[in-house]
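# A look at the structure
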Amino acid sequence: MPDTRAPDTHTAPPADTQPSLAIELRGLTKTYKASGKAPAKLALKGIDLAIPRGSVYGLLGPNGAGKSTMINILAGLVTKSGGTAKIWGIDIDQDPRAARAAIGVVPQELNMDPFFTPRELLDLQAGLYGVPKRERQTERLLEAVGLKDKANAYARTLSGGMRRRLMVAKAMVHTPPVLVLDEPTAGVDVELRQSLWAHVRELNRAGTTVVLTTHYLEEAQELCDSIAIVNHGQVVACDSTDRLLRTLDRKDLVAVVDQDLTEVPATLAGFEVTLKGRQLTVQYPPSQVKVGEVLNAIAAAGLTIVDLSTKESDLEDIFLQLTRAPAAVDGPR
Ligand SMILES: Nc1ncnc2c1ncn2[C@@H]1O[C@H](COP(=O)(O)OP(=O)(O)OP(=O)(O)O)[C@@H](O)[C@H]1O
């Protein structure tokens, strides 16, 4: 059974002994037991992950990859089957209360009591975490998430975005050094997404390590300095966002020319080219080939370019490449 006691907020290490890793997972496994007709499910197959202190770290993966399972283990809501997990240097088996005090988790579902006001909800949550009254930061948190003017409104009257911001504040009442956001902007409109991103950046600037799961590649690319891509319960890629993007050394040059083409001109034989009427898409590795060489090859075919654009590879390409591979058959799935 997970430990459901309120975590002790006073046993986290002092600031001068802050660990270099905010979260460290080694060989983490989880098998959900069979129930009824549903067979056992090996949801995590030995996850190794090191999340540096101070980062905004993205856990990216398709539905069912195991992201929520990982987060729920860290939050003390799901019991792991094997391996070790440390939060802020504290082993979740050795000192579950201190480990839980070091983390704040904003779940996917926006479940909150509709008849409490934001101020009451934050106070209640602080009480639950045993934060003494004089140390409570209710007003500062309300301010930080832009809900000061809604402090006394019933939670049920708040918009979806406001509720999500309130959930973030709720997860921060015990000032955890690590904040985990499970799908922070799922179902949130574009404008609000931008303001939530700004808020996450602000929290991070103030020293909080942020871990977020997302389906939105754009979100991971925008916010995260490092990313782990999870698929079928395994980490299939894990690197800084910049390096991950650089691993795909590929750029597309799209040129519209003055003639219909039925075959790839011989001068472009060294490139991968797709044709569509007068449009040529030339794929090239920018670290080895200069764009001028591609343009020269087009000109050498006697073609005049009437329009031109280039497209960098993005996380989407990497994501598709890495998650297309089917799961290995290795016991319960
Ligand atoms: N309580 C449970 N009992 C049995 N199987 C479960 C349970 N919770 C999750 N699973 C299974 O474990 C696998 C991983 O699920 P998990 O929710 O961790 O994935 P996820 O990456 O968070 O997906 P999503 O992005 O849809 O939230 C899935 O195949 C899921 O069906």
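The shown structure was predicted, so the numbers you read here are calculated from the model rather than taken from an experiment.

What follows is about the domain arrangement of the chain. Assigned domains of the chain: these are domain 1 (15-102 + 176-245) and domain 2 (249-312). Here domain 1 and domain 2 have C-alpha centroids that lie 41 Å from each other.

Our focus in this paragraph is the environment of alanine 297. If you trace the backbone, alanine 297 turns up in helix 9 (residues 291-300). On the accessibility criterion, alanine 297 (9% relative accessible area) is buried. With 266 residues separating them along the chain, alanine 297 and threonine 31 place their C-alpha atoms 55 Å apart. Beyond its immediate stretch of four places on either side in the chain, alanine 297 contacts Thr267, Leu268 and Phe271.

Bringing helix 9 into the picture now. All buried positions along helix 9 are accounted for by Val294, Ala297 and Ile298. Down the axis, helix 9 shows its buried residues gathered within 100 degrees of arc, on one side only. Away from the buried face of helix 9 by more than 90 degrees, exposed residues Asn296 and Ala300 are located. Among the structural elements, strand 11 (251-257), strand 13 (279-284) and strand 14 (305-312) are those in contact with the buried residues of helix 9. A positive backbone phi angle near 80 degrees is found at glycine 302, which sits one or two residues after helix 9.

Here the phi dihedral of tryptophan 88 falls at roughly 55 degrees; this positive angle occurs in a residue that is not glycine. Using a relative accessible area of 5% as the deciding quantity, one classes tryptophan 88 as buried. The phi dihedral of histidine 232 is positive, around 45 degrees, even though this residue is not glycine. Locating histidine 232 in the fold gives a position in the loop between strand 9 (226-231) and strand 10 (234-240). Classification of histidine 232 by relative accessible area gives partly exposed; the value is 31%.

Time to look at the side chain of threonine 213. Within the element layout of this structure, threonine 213 appears in strand 8 (residues 209-214). Given a relative accessible area of 0%, threonine 213 falls into the buried group. Within the structure, the side chain of threonine 213 is placed 2.6 Å from the side chain of aspartate 182, a separation counted as a polar contact. Looking at threonine 213, its side chain comes within polar contact range of the main-chain nitrogen of glutamate 183, at 2.9 Å.

This part covers the nonpolar core. Ranked by size, the top nonpolar core spans 42 residues in total, and within it Leu179, Leu181 and Ile227 carry the most contacts. It is helix 5 (residues 160-171) that contributes the most residues to this core, 5 residues altogether. Non-local contacts of leucine 179, meaning those with residues more than four positions away in its chain, are made with Gly104, Val106, Val168, Ala171, Met172, Leu203, Thr208, Thr209, Val210 and Val211. Judged by nonpolar contacts, the second largest core, of 30 residues, contains Leu28, Ile90, Val211 and Val230.

In this section: the site of the ligand. Residues in close proximity to the ligand total 13 residues, the closest being Gly64, Gly66, Lys67, Ser68 and Thr69. Glycine 64 has a polar backbone atom sitting 2.8 Å from an oxygen atom of the ligand. Contact with the protein chains covers 63% of the free accessible surface of the ligand, which is 630 Å². In terms of residue count, helix 1 (residues 67-74) provides more of the shell around the ligand than any other element does, 3 residues in total. For the shell around the ligand, the per-class residue count stands at 4 nonpolar, 7 polar and 2 charged.

Thresholds applied
- Residues numbered from 1 in each chain as written.
- Predicted model: local features only at pLDDT ≥ 70, side-chain atom pairs only at ≥ 80, totals over all residues.
- Heavy atoms only, no water.
- Domains from an automatic or database assignment.
- Helix = DSSP H or I, 4+ residues; strand = E, 2+ residues; numbered from the N terminus.
- Buried < 20%, exposed > 50% of the residue type's maximum accessible area, 1.4 Å probe, protein only.
- Contact = heavy atoms within 4.5 Å.
- Arc of directions from axis to C-beta.
- Polar contact = N/O pair within 3.5 Å; in protein donor to acceptor, adjacent residues only side chain to side chain.
- Core = buried A, V, L, I, M, F, W, Y, C linked by side-chain atoms within 4.5 Å.
- Near = heavy atom within 4 Å.
- Areas by Shrake-Rupley, 256 points an atom, 1.4 Å probe, with all protein chains shown as cover.
- Nonpolar A, V, L, I, M, F, W, Y, C, P; charged D, E, K, R; others polar.

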